[in-house]
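So the chains spell out like this:
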Amino acid sequence: MIPFNKPYQTGNETSYISQVMASGKLAGNGNFTKKCQSFFEQRYRFGKCLLTTSCTDALEMAAILIDVQPGDEIIMPSYTFVSTANAFVLRGARIVFADSMQGNPNMDADRIEELITPATKAIVPVHYAGFACDMDKIMQVAEKYGIFVIEDAAQAIDNYYVAKDGNRKPLGSIGHLAAFSFHETKNIISGEGGMLVVNDKLLEKRAEIIWEKGTNRSAFFRGEVDKYGWVDMGSSFLPSEIIAAFLWAQVENMDDIQSRRMKIWTAYYEGLCDFAAANNIGLPATPEYSTNNAHTFYLLCESLEQRTRIINHLKTKDISSVFHYISLHSSPYYLDKHDGRALPQADRYTNTLVRLPLFYELTDENIKYIISEICHSL
Ligand SMILES: *Cc1c(COP(=O)(O)O)cnc(C)c1O
């Protein structure tokens, strides 16, 4: 069976984890955590980076950090993972779902302003499949109304927004805050894992306190205060050094991982162009304001029936392909809380998007076989 995903180990994970075990310091915020955080801060000119145990945790930290109160409204796409919404629901927020675009599942930046009310606290753009949302437009709307932007960059590591003047900005460096995931299904992994990026300097100090269970422990260890204690609300968001050690092995090999994933993505794109055109199937289109980090390769089928035929055919040929989100506005938990607006594009992606296997160890032979079986599936 060719799986949909196979977590890739670069080779140094075990040796770095052994170093942590030998050091006798297993808890968080040690050397490997600091190495990972500095790497991301320097390479992508991110604000303060804090490793977390998941992207879900990073989003929950973001919600605490911008002080979401019951009744606040948060605008986000409906076609996303539950954590994007849950993080804010936990603080009593009401979610205002935006529809996706015709061309890709990202929220339509031109239709955000109409969703803003006096209760709007933040916009949470999700860079689906790693492709950038139209960040200049989103930041302009946010600035006009004085609201926060939190990038759900779970899938968007090492990808860029390309501004009108050609200037490239790393995704995760644009919003006031950004959340990344290192879950085993993402490009760079640590099993479970994530990171909060704090680009707004005013939020930096409090972020570190929330991260450290509401204490000023980090400032204490830097010698900035002479004792530490409970100074704010917080929780246990920081990962063990064992996780950071695993992540460091991945980070060191990021360029190699990205280049292999890009080769696979391109092979799919080129190998499936004719089939897609002949069967009214869409392929991922890179927006002019985005680069590609080869997080996901998907097909957009013309109907649910067509998608089911493709998935079933591939299953009989030992290839695992999977659909993705059930749009949150029609999920059992939120259906009766949603304001009732139709979100036809989100529904379309729910019913027609299917993702193909994409992982480092997928061989050229595997890819040829998958392409050939897709071409025989209809
Ligand atoms: C994977 C993912 C998450 C959750 O990441 P975890 O690290 O598993 O918590 C959140 N949002 C999006 C868009 C994701 O793809």
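Nothing here was measured: the structure is a model prediction, and the numbers come from that model.

On to the pattern of salt bridges, then. Here the idea is simple: oppositely charged side chains can pair when their charged atoms come close. In the structure shown here, the tally under the stated rule is 18 salt bridges. Notably, a salt bridge pairs aspartate 255 with arginine 43, separated by 2.8 Å at the nearest N-O pair. Here arginine 43 lies in helix α2 (residues 31-43) and aspartate 255 lies in helix α9 (residues 254-278), a separation of 212 residues in the sequence. The partly exposed category is assigned to aspartate 255, whose relative accessible area is 47%.

Turning our eyes to something else, we now look at the site of the ligand. The environment of the ligand is made up of 15 residues, and the closest members are Thr56, Asp152, Gln155, Ser181 and Lys186. Threonine 56 is positioned with one of its side-chain polar atoms (N or O) 2.5 Å from an oxygen atom of the ligand. One nitrogen or oxygen atom from the side chain of tyrosine 325 is found 3.4 Å from an oxygen atom belonging to the ligand. For the ligand, the accessible surface in isolation is 380 Å², of which the surrounding protein chains cover 93%.

So, about the domain arrangement of the chain. Under the domain assignment, the chain is made up of domain 1 (13-252) and domain 2 (254-375). Between domain 1 and domain 2, the C-alpha centre-to-centre distance is 25 Å. With 47 residues of domain 1 at the contact, the number on the domain 2 side is 40 residues. In this assembly, domain 1 packs against domain 2 so that about 3700 Å² is buried in total across both faces, 54% of it on carbon and sulfur atoms. Along the contact surface separating domain 1 from domain 2 lie 1 salt bridge. There are 29 residue pairs in polar contact (both at pLDDT 80 or more) connecting domain 1 and domain 2. In terms of residue count, strand β3 (residues 94-98) provides more of the side of domain 1 that touches domain 2 than any other element does, 5 residues in total. Considering only residue class, the side of domain 1 that touches domain 2 consists of 27 nonpolar, 12 polar and 8 charged.

The 7 strands are arranged β1-β9-β8-β5-β4-β2-β3 in an open sheet whose pairing can be described as mixed. The two strands at the open ends of the sheet, each matched to only one other strand, are β1 (48-52) and β3. Strand-to-strand twist across the sheet, computed as the mean angle between neighbouring axes with direction ignored, equals 25°. As paired elements, strand β5 (residues 148-152) and strand β8 (residues 177-181) share 3 bridges and run parallel to each other. If you follow aspartate 152 over to β8, its bridge partner there is alanine 179. Contacts from helix α3 (residues 55-65) reach β1, β5, β8 and β9 (194-198), with the element oriented near 165° to β8.

The next subject is the sheet that holds strand β12 (residues 353-355). The 3 strands lie next to each other as β10-β12-β11, forming an open sheet whose pairing is antiparallel. Looking at which strands have only one partner, the edges of the open sheet turn out to be β10 (298-300) and β11 (322-323). Taken together, the 2 bridges between β11 and β12 define a ladder with antiparallel strand orientation. Bridging across to β12, valine 322 finds its partner in arginine 355. Of the strands in this sheet, β10 and β12 are in contact with helix α11 (residues 344-352), which crosses β12 at around 45°.

With that out of the way, let us pick up the packing of aromatic side chains. If you walk through the whole model with that rule in mind, you get 24 aromatic pairs. Judged by centre distance (5.5 Å) and plane angle (10°), the ring pair of tryptophan 265 and tyrosine 269 falls under stacked. Of this pair, tryptophan 265 and tyrosine 269 are both found in helix α9, 4 residues apart, which corresponds to roughly one turn of the helix. Judged by its relative accessible area of 31%, tyrosine 269 falls in the partly exposed class. Between tryptophan 265 and phenylalanine 297, the ring centres sit 5.2 Å apart and the planes meet at 75°, which makes this aromatic pair edge-to-face. Of the two residues, tryptophan 265 is situated in helix α9 and phenylalanine 297 in the loop between α9 and β10; the sequence distance between them amounts to 32 residues. An identical accessibility class is assigned to tryptophan 265 and phenylalanine 297; each is buried. Grouping aromatic residues by their ring pairs yields a cluster made of Phe39, Phe40, Tyr44, Phe46, Tyr160, Phe180, Phe182 and Trp248. Of note, arginine 168 hangs over the ring of tyrosine 160, and the distance from its end group to the ring centre comes to 4.3 Å.

Tracing the backbone shows tryptophan 248 in helix α8 (residues 241-252). Its relative accessible area of 12% is what places tryptophan 248 among the buried residues. Among residues more than four places away in sequence, those in contact with tryptophan 248 are Tyr16, Phe32, Lys35, Cys36 and Phe39.

It is worth spelling out the nonpolar core at this point. Phe88, Tyr268 and Leu272 are the most contacted members of the largest nonpolar core, which has 73 residues in total. When residues in this core are grouped by element, the largest group, 8 residues, is from α3. Mapping this core onto the domain boundaries places at least three of its residues in each of domain 1 (13-252) and domain 2 (254-375). Once residues lying within four places of it in the same chain are set aside, the contact partners of leucine 272 are Leu283, Phe297, Leu299, Leu356, Ile371, Ile374 and Cys375.

How each quantity is defined
Residues numbered from 1 in each chain as written. Predicted model: local features only at pLDDT ≥ 70, side-chain atom pairs only at ≥ 80, totals over all residues. Heavy atoms only, no water. Salt bridge = Lys/Arg side-chain N within 4 Å of Asp/Glu carboxyl O. Helix = DSSP H or I, 4+ residues; strand = E, 2+ residues; numbered from the N terminus. Buried < 20%, exposed > 50% of the residue type's maximum accessible area, 1.4 Å probe, protein only. Near = heavy atom within 4 Å. Polar contact = N/O pair within 3.5 Å; in protein donor to acceptor, adjacent residues only side chain to side chain. Areas by Shrake-Rupley, 256 points an atom, 1.4 Å probe, with all protein chains shown as cover. Domains from an automatic or database assignment. Contact = heavy atoms within 4.5 Å. Buried area = accessible area lost by both parts, 1.4 Å probe. Nonpolar A, V, L, I, M, F, W, Y, C, P; charged D, E, K, R; others polar. Pairing = 2+ DSSP bridges. Axes fitted to C-alpha atoms, helices over the stretch in contact; angles between N-to-C directions. Phe/Tyr/Trp six-rings, centres within 6.5 Å; stacked < 30°, edge-to-face > 60°. Lys NZ or Arg CZ within 6 Å of the ring centre and 35° of its normal. Core = buried A, V, L, I, M, F, W, Y, C linked by side-chain atoms within 4.5 Å.

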